[in-house]
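Each chain, letter by letter, is given below.
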There are 2 protein chains.
Amino acid sequence: MDDFIFAEEITETQKISLKPWKILISDDEKEIHTITKIVLSNFIYENRKVEIYDAYSRSETIEILKEHDDIAVLLLDVVMETDDAGLLVARDIRETLKNNLIRIILRTGQPGSAPEKDVISKYDINDYKEKTELTTTKLFTTVMTALRSYRDLHLIEKNKKGLEQILESTRRIMQFKSSALFADSVLNELIVLLNLSKEVELKDNKVNAMIVDTSNNQFNKIASKGSFENLEGEYLFTKSITDKLNKAISLGQSYFDHFDYVGYFKNENDMVNLILISSESEINQYDKSLLDIFSNNVAVAFNNVHLTHEILDTQKEIIETLSEVVEKRSKETSNHVLRVAQVSRFLALKYGLPEDEATKITMASPLHDIGKTGIPDSILLKPDKLTEEEYEIMKQHTQIGRDILGRSTRPLLKAASIISYEHHEKWNGKGYPNQKKGDDIHIYGRITALADVFDALYHKRCYKEAWPLEKIIDLIKGERGEHFDPKLVDIFLENIDDILGIVKRLS
Amino acid sequence: MDDFIFAEEITETQKISLKPWKILISDDEKEIHTITKIVLSNFIYENRKVEIYDAYSRSETIEILKEHDDIAVLLLDVVMETDDAGLLVARDIRETLKNNLIRIILRTGQPGSAPEKDVISKYDINDYKEKTELTTTKLFTTVMTALRSYRDLHLIEKNKKGLEQILESTRRIMQFKSSALFADSVLNELIVLLNLSKEVELKDNKVNAMIVDTSNNQFNKIASKGSFENLEGEYLFTKSITDKLNKAISLGQSYFDHFDYVGYFKNENDMVNLILISSESEINQYDKSLLDIFSNNVAVAFNNVHLTHEILDTQKEIIETLSEVVEKRSKETSNHVLRVAQVSRFLALKYGLPEDEATKITMASPLHDIGKTGIPDSILLKPDKLTEEEYEIMKQHTQIGRDILGRSTRPLLKAASIISYEHHEKWNGKGYPNQKKGDDIHIYGRITALADVFDALYHKRCYKEAWPLEKIIDLIKGERGEHFDPKLVDIFLENIDDILGIVKRLS
Ligand SMILES: [Fe+2]
Ligand SMILES: [Fe+2]
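A quick note: this is a predicted structure, and the numbers were derived from the prediction, not measured. (Residues numbered from 1 in each chain as written. Chains lettered and ligands numbered in written order. Predicted model: local features only at pLDDT ≥ 70, side-chain atom pairs only at ≥ 80, totals over all residues. Heavy atoms only, no water.)

Q: What exactly am I supposed to notice about the overall build of chain A here?
A: A count of helices and strands for chain A gives 20 helices and ten strands. At 36 Å, chain A has a C-alpha radius of gyration far larger than the 23 Å of a compact globule built from 507 residues. Here the C-alpha coordinates of chain A stretch approximately 115 × 50 × 40 Å along the principal axes. Buried positions account for 56% of the 507 residues belonging to chain A. Counted over contacts in chain A with a minimum sequence separation of 6, partners at least 24 positions apart contribute 64%. Positive and negative side-chain charges of chain A, numbering 67 and 85 respectively, have mean locations separated by a distance of 3 Å. (Helix = DSSP H or I, 4+ residues; strand = E, 2+ residues; numbered from the N terminus. Rg over C-alpha atoms; globule rule 2.2 N^0.38 Å. Buried < 20%, exposed > 50% of the residue type's maximum accessible area, 1.4 Å probe, protein only. Contact = heavy atoms within 4.5 Å. Lys, Arg positive; Asp, Glu negative; His and termini not counted. Charge placed at Lys NZ, Arg CZ, Asp CG, Glu CD.)

Written out as structure tokens, the structure reads:
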């Protein structure tokens, strides 16, 4: 990693809005305040004026310091309401307020009462001056060297804060597995980072940001913030914006351009994601450093999220492909298992199951009839009605499925085993293989049962015509509390349009 | 995140080994060096003495500073070989050496030639003293306040360095997907972190470290460094070590204990990993802060690695389970597909394919006969020899497999499609379905062909006995350059013992 960049480069527009240095005078003599202010009235250091605060006692000094944690220099009298009020202030600052940045210049009118060597050794102060010593020039140079020390400390502290924020942001984005949540989280963290430096600016830094992927030779927004949020299509991807994005693609890397940053992220499979940030104020050196460092982490995290997705998608395809093999053999309608999976997911979420459970049902339910691989062709493919004996063999596909899948301890395969075993049980206890009743049937089984029967009726099969919708609805209503869980039937009937939408999309 | 801990807590043993502060005197008058050394001879600040370096010119000063980047204070004469030699040194330090930490105290004998206000404004120095002003006390307090500033800067800088290192370490560990590589990388980074603070210590910090998992109610080492590296079993998990590990388990969290750190990492599936670090020097406050912050990231990364593994293992089990279903139907010996997978992996690696290709073959090869699901029972299960016509139908399992798997764009399924399509081609062009020859047959197909035939011969099937090994070897030798790729046959024969080991383990 490059060393975190130290230099600050300040543009002309930024100079105007720079905040002044804060200086606190703590002295019980009013005159000292007046004189000090006159001397420092035209003081400018690194393009910043000074703003002076006044305190006349120990408690007042501490109050003001508590309110302003960004006071750079304290000009501190030793003797105020007590002989050692100033020394106690110095101790309070370091030990109680834990302020190690403020530079403390002790000013004493009676050097005898607080000898220099003693005081400097015992108290964590940064300069010691006798009041007589403070000619105009001396005060001026003393304040300037104190500000210089404060600036140095403050700059490293600011860099340290930036690194802390990057670390925290990195930890947060690492926790998201889904690309949409991940992308959203990356943008949130980028905005936090870009607002870290606002202390230099007077106004808040308004930031518009989005992440796009570049698959199918076009830009697709996967997350956005600010003014990009409500725009889509040609309203979002104007010529000006696509030009910015394309520049990163032709450069093959991230770049900064005054108010813009375009991050370029290519993963191990050569897929490119881009992040566009358009800030309302110029992106300064500090912001650039933060963005550079954070982007390195985003790149790794992007790759991880992509790999996880790739594996999960592959897993889904394997299950669907192999389920389809089974389905083909028993001459089910094409895509039957995909439709059962998606309708099951829909019912699971409406039923109130959490997202990860719904996902498990979606992934596992295609395997519900895997046990049919153990049923001989002569029964499975028999065009006529099965005999009593043949039907008993056919029913065994539930146990065969449970046995095939149940040897694994993986949550997904365990779920598939349950679904295979219980998808022919009925709410009223008249199903098979175990005549389980009501809630004793696993919710996975109850959900898949309804989705499976619905899709089988809704589509034509070699041995039967498709049923008309009204007839299916009548049957399902009639089976409320008989074949099917009544709560699921209610959900089904209330959402029939959505369910038909899912089924039609996959027919 | 908690703010990075600022305080340093120094033990008595550490005090003794603390390094001195480095101070550089840059002056062309030898006498000034002598006097300064006398004044500072008994100087102690924060339990550390001073060590003084001497330079007599601009170039000498810069040389010494290049060699020692940890000099805290420079006592700098203005007029040396030229009137402004000192001022140029100050500029070189900040602009050329980019050293912003060293505190520069300018000492001038002729204040008229370098007026205070001018010099302080133009040069990035931290104090300005006329030589006459430097009484014993004044020199003493001036050096002390300069060291105090340096200490403040240095401490934040050190914390910043720690954060930078944590960031870099985090990025590195995030890139590992396999738990063994990940664990090894975590230990490497922990050792780097624990050696960051060695500047306080005189000796290198020797660290012994290991990561264990706690599955099956016992500790299993998954990575180790230092003296833990060559130990296993009871020699590693002595009572003293298991006590330390068990303490973290009963606390349910990480803890520090003088020379030891035990990190406790529980993932979303409630699996616990532990990291034990035994350092030869006491773990100080700074190390603790680094370990605490880094551990938070390790925890997230651990969880990610675990999830990826869980998904991959699930994927592997799904493929194996479903392949076994197919295998069962065609009455192959149990575990045939697992053995073909592992023998294929072995051959792939010896052939010189990279790790990820070998993994792809391992994952995909169980699906080589998936097309048999499209072959009717009457042919697939026929006990007698197939007729010419039936054999032609049987051969179609290669194309059926290609079609089932080939609709996907996922690399794993594409590989499985290739294997399914080409595992019956022969090197001499006499295979099926396309009579491909030599290198025209995909390496996936060539490898799986050999592994498949070998395992089929080696095991008993319903229609044949297992062949004796010598007979199999004779056949494979005879088919070198006929059925099989000659290079693969050579690899096979050279490694027959390893291959038999794999096969026997899975029989
Ligand atoms: Fe079924
Ligand atoms: Fe085959």
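Q: Explain the interface of chain B and chain A here, please?
A: Size of an interface, as often reported, equals the accessible area lost when the parts are brought together. At the junction of the two partners, chain B supplies 79 residues and chain A supplies 79 residues. Contact between chain B and chain A buries roughly 7400 Å² in total, counting both sides, with carbon and sulfur atoms accounting for 61%. Linking chain B with chain A are 14 salt bridges, by the criterion used here. One salt bridge connects Asp124(A) with Arg148(B), and the closest N-O pair in it is separated by 3.2 Å. Here the side of chain B that touches chain A is composed, by residue class, of 34 nonpolar, 20 polar and 25 charged. (Buried area = accessible area lost by both parts, 1.4 Å probe. Salt bridge = Lys/Arg side-chain N within 4 Å of Asp/Glu carboxyl O. Nonpolar A, V, L, I, M, F, W, Y, C, P; charged D, E, K, R; others polar.)

Q: Whenever I open this one, the packing of aromatic side chains confuses me. Can you help?
A: In this description, an aromatic ring pair is defined by two values, namely the gap between the centres and the angle between the planes. Following the criterion strictly, the structure yields 20 aromatic pairs over all chains and no others. Arranged with centres 5.8 Å apart and planes meeting at 35 degrees, the rings of Trp21(B) and Tyr45(B) form a pair that is tilted. Of this pair, Trp21(B) sits in strand S1 (residues 21-26) while Tyr45(B) sits in the loop between helix H2 (30-40) and strand S2 (50-55), and the two are 24 residues apart along the sequence. Residue Tyr45(B) is classed as buried on the basis of its relative accessible area, which comes to 5%. Ring pairs connect the aromatic residues Trp21(A), Tyr45(A) and Tyr150(A), which therefore count as one cluster. Across the ring face of Tyr255(B), the terminal group of Lys247(B) is positioned such that the distance to the ring centre comes to 4.3 Å. In this structure, Arg402(B) packs its charged tip against the face of Tyr421(B), placed 4.2 Å from the ring centre. (Phe/Tyr/Trp six-rings, centres within 6.5 Å; stacked < 30°, edge-to-face > 60°. Lys NZ or Arg CZ within 6 Å of the ring centre and 35° of its normal.)

Q: Hey, could you run me through the coordination of the iron ion (ligand 1) in this one?
A: Residues and elements named next belong to chain A. Those protein atoms acting as donors to the iron ion (ligand 1) are Asp369 (OD), His397 (NE2), His423 (NE2) and His424 (NE2), and they sit at 2.1 to 2.3 Å. For the iron ion (ligand 1), the four donor atoms in the first shell make angles of 82 to 166 degrees at the metal, a pattern classed as irregular. The motif formed by the donor residues of the iron ion (ligand 1), counted along the single chain, is D-x27-H-x25-H-H. Pair noted here: His397 is in helix H15 (residues 397-406) and His424 is in the loop between helix H16 (411-422) and helix H17 (443-458), with a separation of 27 residues, a long-range link. The exposure class of His397 is buried, given its relative accessible area of 1%. (Donors = N, O, S within 2.8 Å, 3.2 Å for Na, K, Ca; no water. Tetrahedral: all angles 85-135°; square planar, octahedral: opposite > 155°, others 65-115°.)

Q: Is there a simple way to think about the domain arrangement of chain A in this case?
A: Here chain A is partitioned into domain 1 (17-134), domain 2 (176-304) and domain 3 (310-505). Summarising the inter-unit geometry, the C-alpha centres of domain 1 of chain A and domain 3 of chain A are found 78 Å apart. (Domains from an automatic or database assignment.)

Q: What is the right way to look at helix H15 (residues 397-406) of chain B in this model?
A: Within H15(B) the residues assigned to the buried category are His397(B), Thr398(B), Gly401(B), Ile404(B) and Leu405(B). Summarising the axial view, the buried residues of H15(B) lie within an arc of 130 degrees, below the 170-degree limit, and thus occupy one face. (Arc of directions from axis to C-beta.)

Q: Looking at this structure, how should I read the UniProt feature "modified residue: 4-aspartylphosphate" (unreviewed entry) in chain A?
A: Residues and elements named next belong to chain A. The UniProt record marks Asp77 with the feature "modified residue: 4-aspartylphosphate" (unreviewed entry), using the residue numbering of this structure. Relative to the helices and strands, Asp77 is located in strand S3 (residues 71-77). In contact with Asp77, not counting residues within four places along its chain, are Ser26, Asp27, Asp28, Gly86, Arg107, Thr108 and Lys131. (UniProt positions renumbered as here; feature names shortened; annotations may be inferred.)

Q: Is there a simple way to think about the pairing of strand S7 (residues 220-225) of chain B in this case?
A: Two faces make up the sheet, and in a regular strand the side chains alternate between them. Pairing of strand S6 (residues 207-213) of chain B with S7(B), which is carried by five bridges, proceeds in the antiparallel orientation. Paired with Ala209(B) across the bridge in S7(B) is Lys225(B). (Pairing = 2+ DSSP bridges.)

Q: Explanation requested: the nonpolar core in the structure shown.
A: A general feature of soluble globular proteins is that nonpolar side chains tend to end up buried together. Residues Phe43(A), Leu147(A), Phe43(B) and Leu147(B) are the most contacted members of the largest nonpolar core, which totals 97 residues. If we ignore the near neighbours within four places in the chain, the residues touching Phe43(B) are Arg48(B), Lys49(B), Val50(B), Phe140(B), Val143(B), Met144(B) and Leu147(B). Residues Ile404(A), Leu457(A), Ile476(B) and Leu500(B) belong to the second largest nonpolar core, which totals 93 residues. (Core = buried A, V, L, I, M, F, W, Y, C linked by side-chain atoms within 4.5 Å.)

Q: What am I meant to see in the sheet that holds strand S4 (residues 103-108) of chain B here?
A: Residues and elements named next belong to chain B. The strand order across the open sheet formed by five strands is S2-S1-S3-S4-S5, and the pairing between neighbours is parallel. Sheet topology places S2 and strand S5 (127-130) at the edges, where each strand pairs with a single neighbour. Adjacent strand axes in the sheet meet at a mean angle of 20 degrees, parallel and antiparallel pairs treated alike. In this structure, S1 lies alongside S2, joined through six bridges in parallel fashion. When the sheet's bridge partners are listed, Trp21 is paired in S2 with Val50. Relative to the sheet, helix H3 (residues 58-67) contacts S1, S2 and strand S3 (71-77), its axis offset from that of S2 by approximately 140 degrees. (Axes fitted to C-alpha atoms, helices over the stretch in contact; angles between N-to-C directions.)

Q: Help me understand the environment of Gly371(B), please; the structure alone is not making it clear to me.
A: All names here are of chain B. Checked against the element boundaries, Gly371 lands in the loop between helix H12 (355-364) and helix H13 (377-380). Overall, Gly371 belongs to the buried group, its relative accessible area being 0%. Here the alpha-carbon distance between Gly371 and Lys239, two residues 132 residues apart in the chain, equals 56 Å. Leave out the neighbours within four places in its chain, and Gly371 touches His397, Ile400 and Gly401.

Q: Help me out: how do you make sense of the relation of the copies chain B and chain A in this one?
A: Put simply, the two copies of the chain differ by a rotation about an axis and a shift along that axis. Once chain B is rotated about the relating axis by 180 degrees and shifted along it by 0.1 Å, it coincides with chain A to within an RMSD of 0.2 Å. Put plainly, the chains are arranged around a two-fold axis. Taken together, the interface assignments show that 100% of the residues at the interface of chain B recur at the interface of chain A, consistent with an identical surface on both copies. (Least-squares fit on C-alpha atoms with pLDDT ≥ 70 in both.)

Q: How should I be thinking about the sheet that holds strand S5 (residues 127-130) of chain A in this particular structure?
A: For sheets, the rule is that strands pair by backbone hydrogen bonds, running either parallel or antiparallel. Residue and element names in this part refer to chain A. Overall, parallel pairing links the five strands, which are arranged S2-S1-S3-S4-S5 in an open sheet. A single partner strand is all that each edge strand has here, and the edge strands are strand S2 (50-55) and S5. Strand-to-strand twist of the sheet, defined as the mean angle between neighbouring strand axes without regard to direction, takes the value 20 degrees. Taken together, the four bridges between strand S4 (residues 103-108) and S5 define a ladder with parallel strand orientation. When the bridges of S5 are listed, Thr108 appears paired with Glu130. Set on the sheet, helix H3 (residues 58-67) makes contact with strand S1 (21-26), S2 and S3; between it and S2 the angle comes to about 140 degrees.

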